[in-house]
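For reference, the chains in residue letters:
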Amino acid sequence: MLNKSCIHAGWLIDGTGGHIQKDVLIHIQQHTIQTIETAPKAACQRPASFLDLSEYTLLPKLVDCHVHLFMSGTDDIAARKRQLEAGYDALKAVISDHIARHLSCGVGAVRDGGDSKGLVQQYLQECQGADGGKPLINTGPTHQTSIHVKVSGKAWHQCGRYGKLIGRSPAPGETLAEAISREDGLPGVTRPDHIKVVNSGVNSLLCFGKETLPQFSLEELTHVVYEAGRRHLNVMVHANGKVPVQIAIEAGCHSIEHGFFMGTENLARMRDRQTVWVPTAFTMRAYAAHLAPSSREADTARRNLTHQMDQLRMARELGVPVALGTDAGSLGVHHGISVREELRILLESGYTIPEAVHCATKTGAGLLGITDMGTLTPGMPASWIAVKGGPSGLADGMDRVTVSI
Ligand SMILES: [Zn+2]
């Protein structure tokens, strides 16, 4: 943690969505922000522990609300296949490397969307801090730091439908709520941080806008939300298309993942219920970049992205809470650095810089139930990232951030 008692920041984006503050002095005591005042650098009474960041933009550490730590973003199909089939010993170093990449890009919290063997959960158990809290991660020979990693373990999907790569299905004759209750009592089963449910198929790259049937009924998902609530767990739902998304919202799920082609009525419902949307839009730009440019698939991926950005514009107008999530591990979506690309898409979709940072910080931290990050405001820990230059270069500078411990 930071021991400096005063920082001069050229620009501050505090994560609340409020306007960018220029030339601020941030006073810190015992690692907690005491006051923030606007003042030119010359006006600062420099204590011994003064930190000059007048050439930098300061913002809270970032939150990536949708990653798959067991998979890399590589486009090497053979390597992807190996990772999907690998066991714990082989994947341990891969997961560790992905977490280090997030840390180096200023990401202070990630939410994992599941893997079919529960290996990320196993990894975290092994490196859990002594207090049972955040895992301690080795980031170099002499450095250890911590990152919030929230895991779903294995996701849930309907037998015979999409989701096998990241999860499993309830037993035959068992409802999803019953399966969740049964597992909860089993010896040796680790409690997840949230429940991940897959409620639709994936986006077609052959047929633009093709929607798939929901995997679970409203009644089934409502029971799931009830059972999760009894365990103080949120429910994150993979859902594309109007009906799968509508069911997830009406069941009271906490976040809609992807939400491609969900439509304006669902966005209005999400605004009304304050359901969080995690759009994972960069996945489509990444697909388009890795497929043959003139292929039908690349063309569909580009059109999917355009449509998702239209939905983002609508979400902003309506006031839907949007949290940044990359789906890192998807083809071409690399851990850590892809946060920059998702931020860029928010900006291209009409979000102002403070609004985009709000999605990437406070809204994400709130969704993950993390109270000690999300904003740089009095009373919060002095846990920040600094990007060289003014706010307009924010997304471009994300690969060389300075990060407080
Ligand atoms: Zn995912």
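Here the structure is shown first, and the text comes after it.
Report follows, based on the coordinates. Because the structure is a prediction, the values reported are computed rather than measured.

Some thoughts on unusual backbone geometry
Here is step 1 of the chain: Residues other than glycine seldom take positive phi values, yet glutamine 30 does so here, at roughly 45°.
Here is step 2 of the chain: Mapped onto the elements of the fold, glutamine 30 is located in the loop between strand S2 (21-29) and strand S3 (32-38).
Here is step 3 of the chain: A positive phi is found at glutamine 274, a non-glycine position, where the angle reads about 55°.
Here is step 4 of the chain: One can find glutamine 274 in the loop between helix H7 (264-273) and strand S15 (276-278).

Re the pattern of salt bridges
Here is step 1 of the chain: Enumeration according to the criterion identifies 19 salt bridges in this entry.
Here is step 2 of the chain: Put simply, glutamate 348 and arginine 285 hold a salt bridge, and the shortest N to O gap is 2.7 Å. Of this pair, glutamate 348 sits in helix H10 (residues 338-348) while arginine 285 sits in helix H8 (residues 282-290), and the two are 63 residues apart along the sequence.
Here is step 3 of the chain: The exposure class assigned to arginine 285 is partly exposed, which follows from its relative accessible area of 26%.
Here is step 4 of the chain: One salt bridge in this structure joins arginine 313 and aspartate 310, with 2.8 Å as the shortest N-O distance. Here aspartate 310 and arginine 313 lie together in helix H9 (residues 296-318), a separation of three residues that amounts to about one turn.
Here is step 5 of the chain: Overall, the relative accessible area of 33% leaves arginine 313 in the partly exposed class.
Here is step 6 of the chain: A network of salt bridges, in which partner residues are shared, links Asp184, Glu227, Arg230 and Arg231.

Side note on the pairing of S2
Here is step 1 of the chain: Inspection of the sheet shows strand S1 (residues 6-12) paired to S2 by six bridges, in the antiparallel sense. Of the residues in S2, the one forming a bridge with leucine 12 is glutamine 21.
Here is step 2 of the chain: In this sheet, S3 lies alongside S2 in antiparallel orientation, the contact comprising six bridges. By the bridge assignment for S3, leucine 25 is matched with glutamate 37.
Here is step 3 of the chain: Between the end of S2 and the start of S3, which pair antiparallel, lie two residues, with glutamine 30 showing a positive phi angle near 45°.

Focus: H8
Here is step 1 of the chain: Taken together, the buried positions of H8 are occupied by Phe282, Thr283, Met284, Ala286 and Ala288.
Here is step 2 of the chain: Among the structural elements, H9 and H10 are those in contact with the buried residues of H8.

So, the sheet that holds strand S5 (residues 62-67)
Here is step 1 of the chain: Spatially, S5-S6-S9 is the arrangement adopted by the three strands of the open sheet, whose pairing is parallel. At either end of the open sheet lies a strand with only one pairing partner, and these are S5 and strand S9 (148-150). Adjacent strand axes in the sheet meet at a mean angle of 15°, parallel and antiparallel pairs treated alike.
Here is step 2 of the chain: Judged from the three bridges that link them, strand S6 (residues 107-112) and S9 form a sheet pairing that is parallel.

Focus: the nonpolar core
Here is step 1 of the chain: Counting residues in hydrophobic clusters, the biggest one holds 86 residues, and the most contacted among them are Leu59, Ile195, Val197, Leu221, Val224, Val235 and Trp277.
Here is step 2 of the chain: Counting residues per element, this core draws most heavily on helix H2 (residues 88-104), at six residues.
Here is step 3 of the chain: Grouped together as the second largest cluster of nonpolar side chains are 13 residues, Ala9, Ile26, Leu58 and Trp384 included.

Things to note about the side chain of serine 383
Here is step 1 of the chain: Following the sequence through the fold, serine 383 ends up in the loop between helix H12 (362-368) and strand S16 (384-388).
Here is step 2 of the chain: Exposure remark for serine 383: the relative accessible area of 16% places this residue in the buried category.
Here is step 3 of the chain: Within the structure, serine 383 has its side chain in polar contact with the side chain of lysine 61 (distance 3.3 Å).
Here is step 4 of the chain: If we ignore the near neighbours within four places in the chain, the residues touching serine 383 are Pro60, Lys61, Leu376 and Ser404.

Brief notes about the packing of aromatic side chains
Here is step 1 of the chain: Going through the model one piece at a time under the given rule, you end up with one aromatic pair.
Here is step 2 of the chain: Note that arginine 303 overlies the ring of phenylalanine 208, its terminal NZ or CZ placed 4.1 Å from the centroid.

As for the sheet that holds S2
Here is step 1 of the chain: Strand order in this open sheet of six strands is S3-S2-S1-S4-S16-S17, and the pairing throughout is mixed. In the strand order of this sheet, the two ends are held by S3 and strand S17 (402-403), each with one partner.

Thoughts on the environment of methionine 398
Here is step 1 of the chain: For methionine 398, the location among the structural elements is in the loop between S16 and S17.
Here is step 2 of the chain: Contacts of methionine 398, omitting those with residues within four sequence positions, involve Leu59, Leu62, Cys105, Ile337, Arg340, Leu343 and Val387.

Criteria and thresholds
Residues numbered from 1 in each chain as written. Predicted model: local features only at pLDDT ≥ 70, side-chain atom pairs only at ≥ 80, totals over all residues. Heavy atoms only, no water. Helix = DSSP H or I, 4+ residues; strand = E, 2+ residues; numbered from the N terminus. Salt bridge = Lys/Arg side-chain N within 4 Å of Asp/Glu carboxyl O. Buried < 20%, exposed > 50% of the residue type's maximum accessible area, 1.4 Å probe, protein only. Pairing = 2+ DSSP bridges. Contact = heavy atoms within 4.5 Å. Axes fitted to C-alpha atoms, helices over the stretch in contact; angles between N-to-C directions. Core = buried A, V, L, I, M, F, W, Y, C linked by side-chain atoms within 4.5 Å. Polar contact = N/O pair within 3.5 Å; in protein donor to acceptor, adjacent residues only side chain to side chain. Phe/Tyr/Trp six-rings, centres within 6.5 Å; stacked < 30°, edge-to-face > 60°. Lys NZ or Arg CZ within 6 Å of the ring centre and 35° of its normal.

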